[in-house]
Number of protein chains: 4
Amino acid sequence: MAKDMATPDTDTGIFTRRESEARSYCRGIPTLFASASGSVMRGADGSEHIDFLAGCSSLNYGHNDPDMKAALIEHISGDGIAHGLDLHTTTKAAFLQAFETHILAPRGMDHRVMFTGPTGANAVEAAMKIARKVTGRTNIVAFTNGFHGVTMGALAATGNGYHRGGAGMETQGVTRVPFDDYAKGLDSAALLDQMLSDNSGGIDAPAAIMMETVQGEGGLNAASAEFVKAVAEIAKRHGALLILDDIQAGCGRTGKFFSFEEMGVMPDLVPMAKSVSGFGLPLAMVLVRPQHDVFGPAEHNGTFRGNTHAFVTARVAIEKFWSDSAFEAELAEKAALIETRLTELADMIPGAYLKGRGLMRGVDVGGGELAGAICKRAFQGGLIIETSGNEDQVVKVLAPLTTPTDLLSRGFDILLNAARDVIAQDIAAE
Amino acid sequence: MAKDMATPDTDTGIFTRRESEARSYCRGIPTLFASASGSVMRGADGSEHIDFLAGCSSLNYGHNDPDMKAALIEHISGDGIAHGLDLHTTTKAAFLQAFETHILAPRGMDHRVMFTGPTGANAVEAAMKIARKVTGRTNIVAFTNGFHGVTMGALAATGNGYHRGGAGMETQGVTRVPFDDYAKGLDSAALLDQMLSDNSGGIDAPAAIMMETVQGEGGLNAASAEFVKAVAEIAKRHGALLILDDIQAGCGRTGKFFSFEEMGVMPDLVPMAKSVSGFGLPLAMVLVRPQHDVFGPAEHNGTFRGNTHAFVTARVAIEKFWSDSAFEAELAEKAALIETRLTELADMIPGAYLKGRGLMRGVDVGGGELAGAICKRAFQGGLIIETSGNEDQVVKVLAPLTTPTDLLSRGFDILLNAARDVIAQDIAAE
Amino acid sequence: MAKDMATPDTDTGIFTRRESEARSYCRGIPTLFASASGSVMRGADGSEHIDFLAGCSSLNYGHNDPDMKAALIEHISGDGIAHGLDLHTTTKAAFLQAFETHILAPRGMDHRVMFTGPTGANAVEAAMKIARKVTGRTNIVAFTNGFHGVTMGALAATGNGYHRGGAGMETQGVTRVPFDDYAKGLDSAALLDQMLSDNSGGIDAPAAIMMETVQGEGGLNAASAEFVKAVAEIAKRHGALLILDDIQAGCGRTGKFFSFEEMGVMPDLVPMAKSVSGFGLPLAMVLVRPQHDVFGPAEHNGTFRGNTHAFVTARVAIEKFWSDSAFEAELAEKAALIETRLTELADMIPGAYLKGRGLMRGVDVGGGELAGAICKRAFQGGLIIETSGNEDQVVKVLAPLTTPTDLLSRGFDILLNAARDVIAQDIAAE
Amino acid sequence: MAKDMATPDTDTGIFTRRESEARSYCRGIPTLFASASGSVMRGADGSEHIDFLAGCSSLNYGHNDPDMKAALIEHISGDGIAHGLDLHTTTKAAFLQAFETHILAPRGMDHRVMFTGPTGANAVEAAMKIARKVTGRTNIVAFTNGFHGVTMGALAATGNGYHRGGAGMETQGVTRVPFDDYAKGLDSAALLDQMLSDNSGGIDAPAAIMMETVQGEGGLNAASAEFVKAVAEIAKRHGALLILDDIQAGCGRTGKFFSFEEMGVMPDLVPMAKSVSGFGLPLAMVLVRPQHDVFGPAEHNGTFRGNTHAFVTARVAIEKFWSDSAFEAELAEKAALIETRLTELADMIPGAYLKGRGLMRGVDVGGGELAGAICKRAFQGGLIIETSGNEDQVVKVLAPLTTPTDLLSRGFDILLNAARDVIAQDIAAE
């Protein structure tokens, strides 16, 4: 059977033959990739693409950052621990030390770090379990268009109907309420407060209110600081913990390390994943305030909790980018550039408008078909970019935060040209 | 705050200060580890321990296997993709090719591979969702002492009360039945068949029956081939899929690549994780028969599904150990050695008896206190070893499958001496 | 033990000794009642009270209506069937015939009648099960302050937190949304439509939307015809059945037989109970459109479904009150009188305002303490009256629909005097 | 539409036209019944049938018992309360007094009486909620072939797959275990104890263990006193309440008032319904030990809790039949007669055997088709009799306990002749 198989270098038949139908990104981006560095991915055929997807914000520092790469090679060469369960390792200690020194302490956060199975969903599951254990309640309030993962507990909190449908059974334990600015004229926080305050409002007293400050998968819906603060106060008033899911919006994506900085809130629990390792390696964790750190040993466990290779790169990421304010300043400049260029895009399309915050931005172009056509055309032009939103109607820019300005500009040039072409074609077709 | 902190090399204060109370193995094995190779782990203080835990069967090929290590360093050095979502990469293609050629094809398995979030629990969740989607049913039959993970869907199938308690709410969708040989004189398969056949048996028609052929966390309970076959037939007769969770028992642990080989069964779904990457890197997947490969694109998704670094080492593992029958022959010999030495251990303790199968063996010493004392003493003697079972009453040997015979013997010497010491002490104390 | 017990005629000690703490109405209305007729209840001590509670709308035709009473005595005297499971009886046939002739046919309703266990909750459970079976979906949309019973399925749909708390576990299968006019400026129907239309709105496609057109326990919140119609259209658009729970608001309480008449909607399912028997005897049923009549024989069952004595009185009630339009005309007049008198009450109290519709009216006096005090004082004056609402803040008038005008006036005189006294006392106390 | 309708007296068209498909008994017993007294039911056409069904044990004292009938007519004639919510009435006081004096006190039971909605399912729901509130746990252990009703909470505890299917969604909160004598050689109590004692047995610590001592719908499976006692001890040992559902087996059906008398157990909660009213009128209640009487006022409520007419007849039933030991003696004699005659039946059919206990007896004839044919033939001969069991394979005798011996014999003559005819036919057909 194996004899006449083509070499993998040029053939993708093995994927259709042996990989499950659940595969997805590779359908729209069919290139066979071989290597990548910084913000550029290279195909086995030598092609190059600028990466405005960044592993869905898992590669905030780009591909194969040279310092992380060097540190990781050194670690492996020296027979550094690859897998150590949750044993003490010098590598984990160094990461925790760096995280305490450069992230937690300067922000006045007394949180502890719980390493969970290395997926965002697992961190969310752990956070929900902690909130339930702490409060003795079961209900978690979550929001329209929120996305928190697809395992049964996390899925209950996820709004997306397609993913919920995959459960094959009812999910439970979550009450859904409108997000900030969800319906015209609706004060979502006030409605939530009223329903929770009402003895017959029919919402069980919640263990937690869980939200993303910017909903990534949901369409780059950015909550206002006022809304986040109002929700934090509602949580407090009703005896619920506040879970801010910073899996996609954290690690600098909104311009600060945490997406909720400068909002005047202190979340009880912060699930993190994606760019925590800095290198795209699986790592997830929950920040938990000491008074809520109630799990017994391994009460929530998992073989791969704490990925040692990821600790190596995560430590470098923290030390390199977050030990002073230089990176934040750089991010502010890039965020401005992104806003300028996306405004150009939005101006091309009647009814289109900007979404998101910081470097987690996009344009709602009004429909999934148009957004998809623009992304497809951009890909042909050498740019990897994806859509998000409940109708896939948002062209989403998640470029590595480290993308050099000129490359960023080049990427936007491709994107704007793609949009122009698609619009021209549409007009021609009418 | 950071000023007077000790260097991480010698201080573990950072763990108590900033790591969650959920940490567990590090409590019984408090060494600060710095490196490891083969079956030996080295502390920051220069100490060495033989590893009979192997990352709970995640390091079946030992630490830092030189061939995997070389391939991984080469991959990183060449800016190979670190994180590629579920895009096509040459690395993934090469792994799939090797897995098809050396594992699936020779065993007549037409399964496809679904890469899930890189945790065993995530693979289990995906398998349960697939079974529910395929059958339109919700109920999953699982067994006493089964362990399948701690996210809400997987946790429902896990027997362990401590972990279930962590949910903070009722889990659902699972019916628990006795495992093989659970109660004296009980024919567990016949009882299951009767309850499912009984119109008023009160068990909803199941989407799947899910089992481990050897229950690792549950105490190394090995199902007989007859039981596994009977369960497979019951599943078929009642329109349920058969899920064989090979997360801990797979990848050679029982002496063959899959734990169910030579049992005459063909599972519909096989969740895998732990040693799939071969190097301890997070990777998980579900083998799914083509007719059950019903998920739409990303219907079950996750950022880290498909860990590219893990594909590098996983491919090497497959090619190095499973391209011919040499390794299997070696495993048979080592299994015999393990059985001999554990029989010695069992003979020391009245009422103790062997558990498990292949290289997934242990001794039920009658109580958790004694088992714990033996493991603790063994650790002092230079051996990392853990307990399992509902009362932690089983001294469990999960040495790397590649452990050289002399090192294996040395490990057992330490273990037997430890047992002798503990027993002598106990007698002295009476 | 039984020797020296006082006769039950004058002693209520047996209740504290042997009746459960769950008893409730008897705490605020401690009279030991012996008999009743029309709108007057008589105590064992000879006292008389006008009844503005009417068994919570279970006695719409008053106590011991002479025609029903005569028919029932005749039935019993002639050894008419008392209990006949769901066998065919002449009594049931006569009821169904009358119900078809005078209720269903004139209103163009093709519904069938499903007799459930004789409680409103049981009818609601049956309706929810039918909707789930018809649609293959599980989710039921229910509203803030809705009340549908306290068995586990029905309770999930009930908003009241006190009752929900009694479950001792999570209820499931229901999504709660704001009722008409729930929050200032909120278009509740539009919000529901948006959340259901949104692919990521996070509300599972519903099997049914269930509502009361006037929420009795919830505080006499009357939905506008526009809202009911909008909800009916939303249900249709999203493939959900429309369940209008007419248990409390039906049987003439709002001025028509059904509360939803003249609103331009045709519900798929109508749970009924309370005044269906006309005499206060337990009887409940679900009206179900033929295409949704999908239960197999006894798939939903219950020993007491179809209470034969209740059929006797229910038939008389239909024939006596609903065979022509005279009763409806009478109800319109009484509704006007009630509105006038309750307006007087509302005018006495700053901020107080009218609630409800038809003969299901009340006044929100702003707080439960005041409402309770008024009711207590009215009881002392010879009037049985209760509160409702999430804070028990609504003084609720549910007088028998047959109460003669002069008695109705006398009742209101007592009520208004009671309010005056309480207010005067409050002022004096300041 | 109504014009040309036949009179209900001779026409059953109204049932097919307007009654739901959920109707059941009337399909096998299509007579249109008009009246009944004692153990005889009379059709509108003048036909007479002996009643061996007794409203599924709801008419233990027969139809229209003259003393209850007289009392009820007197009550109604005197404008006695028909419906009084849960207010104090002289009627309720008299019932409670009688129940205390003649039932509770002589048996040393300190239980209080909680009147629930007048269905068995409602009493079961209340008992389950109490157990959950008392223990703070959610899981209820129930048994194969148990039947406890079809509302969502009760249904979770019911084994019957047909009824469970009617839920349209997953039920929850119940763990199913094998009943006494369920599988050959299985010690069901020991298995339950082992699974509950096992830390990884996968059964959540239960709030209650709920069982019928004789499973009526499940096929007249009678638990041994040893089993009931063992289960009671297991419940105690594991901190669970013991719920003995005496809805069908209580009120004298097994020869004593309660089915668990003389077994040496004291249940915490006893749901009762069916024959409590003595007259077939809807009434249900839960006996609850004072220390578990934890519901707040109306925390579990329902409009029809406490059916006043039913209190009238229930009091007479208690006083007439249970104030001395005469009735019990009579029951013992009749039970012997029933056993003798059913043994004759069993002896006719190879493999057939007796089921049940006391006056709740039947014969398992091996299959539902044969049992159905016998019952059908018996009906033609003038006997109303039904099947039960998971395959409807049990011919079930639930004659009124008051059936005179000669009528009982006449009924058995019809039954045995019917069996003879069916068997002869079957042989002829071969």
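The written sequence of each chain sets the order in which its residues are numbered from 1. Both sets of labels track the order of writing: A upward for chains, 1 upward for ligands. Side-chain atom pairs in this predicted model are given and counted only at pLDDT of 80 or more, local residue features only at pLDDT of at least 70, and totals for whole chains, interfaces and linings cover all residues. Only hydrogens and water are set aside when side-chain values are computed; all heavy atoms of the structure are taken into account.

Colleague: How would you summarise the overall build of chain A if you had to cite specific residues and measurements?
Modeller: Each helix corresponds to a stretch of at least 4 residues labelled H or I by DSSP, and each strand to a stretch of at least 2 residues labelled E; elements are numbered beginning at the N terminus. The secondary structure content of chain A amounts to 14 helices and 17 strands. Only the C-alpha atoms count toward the radius of gyration. The rule for a globule is 2.2 Å times the residue count to the power 0.38. Here chain A has a C-alpha radius of gyration of 22 Å; the compact-globule value for 430 residues is 22 Å, and the two agree. Across its three principal directions, the C-alpha atoms of chain A cover 60 × 60 × 50 Å. In chain A, buried positions account for 68% of the 430 residues. Here, two residues are considered to be in contact whenever any of their heavy atoms come within 4.5 Å of each other. Restricting the contact set of chain A to residue pairs at least 6 apart, pairs at least 24 apart contribute 72%. In this tally Asp and Glu are treated as negative and Lys and Arg as positive; neither His nor the chain ends contributes. The location of each charge is read from NZ of Lys, CZ of Arg, CG of Asp or CD of Glu. Both charge centroids of chain A, one from 37 positive and one from 52 negative side chains, sit 3 Å from each other. Relative accessible area decides the class of each residue, using a 1.4 Å probe on protein chains only: under 20% of the type maximum gives buried, over 50% gives exposed, and in between gives partly exposed.

Colleague: Now, about the domain arrangement of chain A: what can you tell me, with residues and values included?
Modeller: Residue and element names in this part refer to chain A. One can read the domain layout of chain A as domain 1 (13-64 + 333-429) and domain 2 (67-321). At the interface, 27 residues of domain 1 touch 30 residues of domain 2. Here the buried area means the combined drop in accessible surface, using a 1.4 Å probe, for two parts upon being joined, counting both sides. Summing both sides of the interface, domain 1 and domain 2 together bury roughly 2300 Å²; the carbon and sulfur share of this comes to 53%. The three residues of domain 1 that bury the most area against domain 2 are Tyr61, Arg357 and Met360, which together make up 37% of that side's buried surface. Salt bridge, as used here: a side-chain nitrogen of Lys or Arg that lies within 4 Å of a carboxyl oxygen of Asp or Glu. If you look at where domain 1 meets domain 2, you find one salt bridge. Here Lys396 and Glu217 are joined by a salt bridge, their closest N and O atoms 3.9 Å apart. Definition of a polar contact: a pair of N or O atoms within 3.5 Å, with one able to donate and the other able to accept a hydrogen when the atoms are protein atoms, and with sequence-neighbouring residues admitted only if both atoms are side-chain atoms. Our count for the domain 1 to domain 2 interface comes out at 19 residue pairs in polar contact (both at pLDDT 80 or more). Where each domain starts and ends follows an automatic or database-derived domain assignment.

Colleague: Would you mind going over the interface of chain B and chain A in detail, with residue names and values included?
Modeller: Contacts between the two partners involve 119 residues from chain B, matched on the other side by 118 residues from chain A. Between chain B and chain A, roughly 10400 Å² of surface is buried when both sides are summed, and carbon and sulfur atoms account for 61% of that area. The three residues of chain B that bury the most area against chain A are Arg18(B), His88(B) and Phe304(B), which together make up 8% of that side's buried surface. Inspection of the region where chain B meets chain A yields 10 salt bridges. Arg17(B) is paired through a salt bridge with Glu100(A); the nearest N and O atoms lie 2.8 Å apart. Here the side of chain B that touches chain A takes nine residues from helix α5 (residues 90-104) of chain B, the largest share from any one element.

Colleague: So what's going on with the pattern of salt bridges? Which residues, and what values?
Modeller: One pass over the full model with this rule turns up 103 salt bridges over all chains. Taking the shortest distance from any N to any O, the salt bridge between Asp421(A) and Arg377(A) comes out at 2.7 Å. Here Arg377(A) lies in helix α13 (residues 368-380) and Asp421(A) lies in helix α14 (residues 405-429), a separation of 44 residues in the sequence. Asp421(A) sits in the partly exposed class, given a relative accessible area of 31%. Judged by relative accessible area, Arg377(A) falls into the partly exposed class, the value being 33%. A salt bridge links Arg42(B) to Glu48(B), with the shortest nitrogen-to-oxygen separation between them at 4.0 Å.

Colleague: Tell me about helix α6 (residues 120-135) of chain D, and name the residues and values.
Modeller: Residue and element names in this part refer to chain D. In this analysis, the expected span of each helix is defined as 1.5 Å times one less than the number of residues it contains. Between its first and last C-alpha atoms α6 spans 23 Å; for 16 residues at 1.5 Å apiece the expected length is 22 Å, and the two agree. Burial analysis of α6 places 13 of its 16 residues in the buried class, which makes it a mostly covered element. Downstream of α6 by a residue or two, Gly136 has a phi angle that is positive, lying close to 70°.

Colleague: So, the relation of the copies chain B and chain A: which residues are in play, and what are the values?
Modeller: Aligned on chain A, chain B shows an RMSD of 0.0 Å; the corresponding rotation is 180° and the shift along the axis is 0.0 Å. The operation mapping one copy onto its partner corresponds to a two-fold rotation axis. Of the interface residues in chain B, 99% have counterparts in chain A that sit at the interface too, so the contact is made through matching surfaces. Here the copies were fitted onto each other by least squares, based on C-alpha atoms from residues at pLDDT of at least 70 in both.

Colleague: Can you break down the sheet that holds strand β17 (residues 394-397) of chain B residue by residue, with the values?
Modeller: All names here are of chain B. The pairing criterion for strands is at least two bridges between them, as found by DSSP. Judged by pairing direction, the sheet is antiparallel, and its four strands sit side by side in the order β13-β14-β17-β16 without closing on themselves. Of all strands in the sheet, those with a lone pairing partner are β13 (353-357) and β16 (386-388), marking the two edges. Between one strand axis and the next, the sheet turns by 35° as a mean value, whatever way the strands run. As judged from the three bridges shared by β16 and β17, these two strands associate in the antiparallel manner. To get an axis, a line is fitted to the C-alpha atoms, and for a helix only the part in contact is used. The angle between two axes follows their N-to-C directions and goes from 0 to 180 degrees.

Colleague: Please provide a residue-by-residue account of the relation of the copies chain C and chain D, values included.
Modeller: There are two copies of the chain, and a rotation about an axis plus a shift along that axis relates them. When chain C is brought onto chain D, the operation consists of a screw motion whose angular component is 180° and whose axial shift is 0.0 Å, with 0.0 Å RMSD remaining. Both copies present the same face, since 100% of the interface residues in chain C are matched by interface residues at the equivalent positions in chain D.

Colleague: Can you break down the interface of chain C and chain D residue by residue, with the values?
Modeller: Across the boundary between the two partners, chain C contributes 118 residues, which contact 118 residues of chain D. Taken together, both faces of the contact between chain C and chain D bury some 10300 Å²; the carbon and sulfur share is 61%. Area buried by chain C at its contact with chain D is led by Arg18(C), His88(C) and Phe304(C), which between them contribute 9% of it. For the interface between chain C and chain D, the tally reads 10 salt bridges. A salt bridge links Lys92(C) to Glu19(D); the shortest N-O distance between them is 3.0 Å. Taken together, the connections running from chain C to chain D amount to 60 residue pairs in polar contact (both at pLDDT 80 or more). The biggest single contributor to the side of chain C that touches chain D is helix α5 (residues 90-104) of chain C, with nine residues. Polar here means any residue other than Ala, Val, Leu, Ile, Met, Phe, Trp, Tyr, Cys and Pro, which are nonpolar, and Asp, Glu, Lys and Arg, which are charged; Gly is therefore polar. In the side of chain C that touches chain D, the residues fall into 54 nonpolar, 40 polar and 24 charged.

Colleague: Got a sec to walk through the sheet that holds strand β16 (residues 386-388) of chain A? Specific residues and values, please.
Modeller: Residue and element names in this part refer to chain A. Within the open sheet, the four strands sit side by side as β13-β14-β17-β16. Their pairing is antiparallel. In this open sheet, the two edge strands, each paired with only one partner strand, are β13 (353-357) and β16. Taking the axes of each pair of neighbouring strands and ignoring which way they run, one obtains an average angle of 35° across the sheet. Here β13 pairs with strand β14 (residues 360-364) via five bridges, running antiparallel. Residue pairing for β14: Lys355 is matched across the bridge by Gly362. Sheet strands in contact with α13 are β16 and β17 (394-397), and its direction is about 160° off that of β16.

Colleague: Just give me the short version of the environment of His111(D), but keep the residues and values in it.
Modeller: Residue and element names in this part refer to chain D. With respect to the element layout, His111 can be found in the loop between α5 (90-104) and β4 (112-115). Given the relative accessible area of 0%, His111 is considered buried. Of note is the side chain of His111, whose polar atom sits 2.8 Å from the backbone oxygen of Pro267.

Colleague: So, the environment of Asp67(A): which residues are in play, and what are the values?
Modeller: All names here are of chain A. Mapped onto the fold, Asp67 is located in helix α4 (residues 66-77). Note on Asp67: relative accessible area 40%, which makes it partly exposed. Between the alpha carbons of Asp67 and Ala329 there is a distance of 21 Å; along the sequence they are 262 residues apart. If we skip the residues at most four places from it in the chain, Asp67 touches Val316 and Lys320.

Colleague: So what's going on with the side chain of Thr171(B)? Residues and values would help.
Modeller: Take Thr171(B): it is sitting in the loop between α8 (161-165) and β6 (174-177). A distance of 3.4 Å separates polar atoms of two side chains, one belonging to Thr171(B) and the other to Arg164(B). Residue contacts for Thr171(B): discarding those within four places in its chain leaves Gln172(A), Met152(B), Leu155(B), Ala156(B) and Arg164(B).

Colleague: Describe in detail the confidence of the model for chain A, supporting the description with residues and values.
Modeller: Residues and elements named next belong to chain A. Confidence of the predictor in every single residue is expressed as pLDDT, which spans 0 to 100. Per-residue pLDDT for chain A averages 95, and the proportion of residues at 70 or more is 98%. Per-residue pLDDT stays below 50 along residues 1-8; that stretch engages in 13 contacts with residues further than four places along the chain or on separate chains. Both confidence scores are given for the complex: pTM 0.95, ipTM 0.95.

Colleague: Describe the pairing of strand β2 (residues 40-43) of chain B, listing the residues and the values that go with them.
Modeller: Residues and elements named next belong to chain B. Where strand β1 (residues 33-37) meets β2, four bridges bridge the pair, whose relative direction is antiparallel. Looking at β2, one finds that Ala36 is bridged to Met41. Between the antiparallel neighbours β1 and β2 lie two residues, among them Gly38 with a positive phi of about 55°. Note: β2 against strand β3 (residues 48-51), three bridges, orientation antiparallel. Following the sheet pairing, Val40 is matched in β3 by Ile50. Between β2 and β3, which pair antiparallel and follow one another directly, the connecting turn spans four residues, one of which, Gly46, has a positive phi of 90°.

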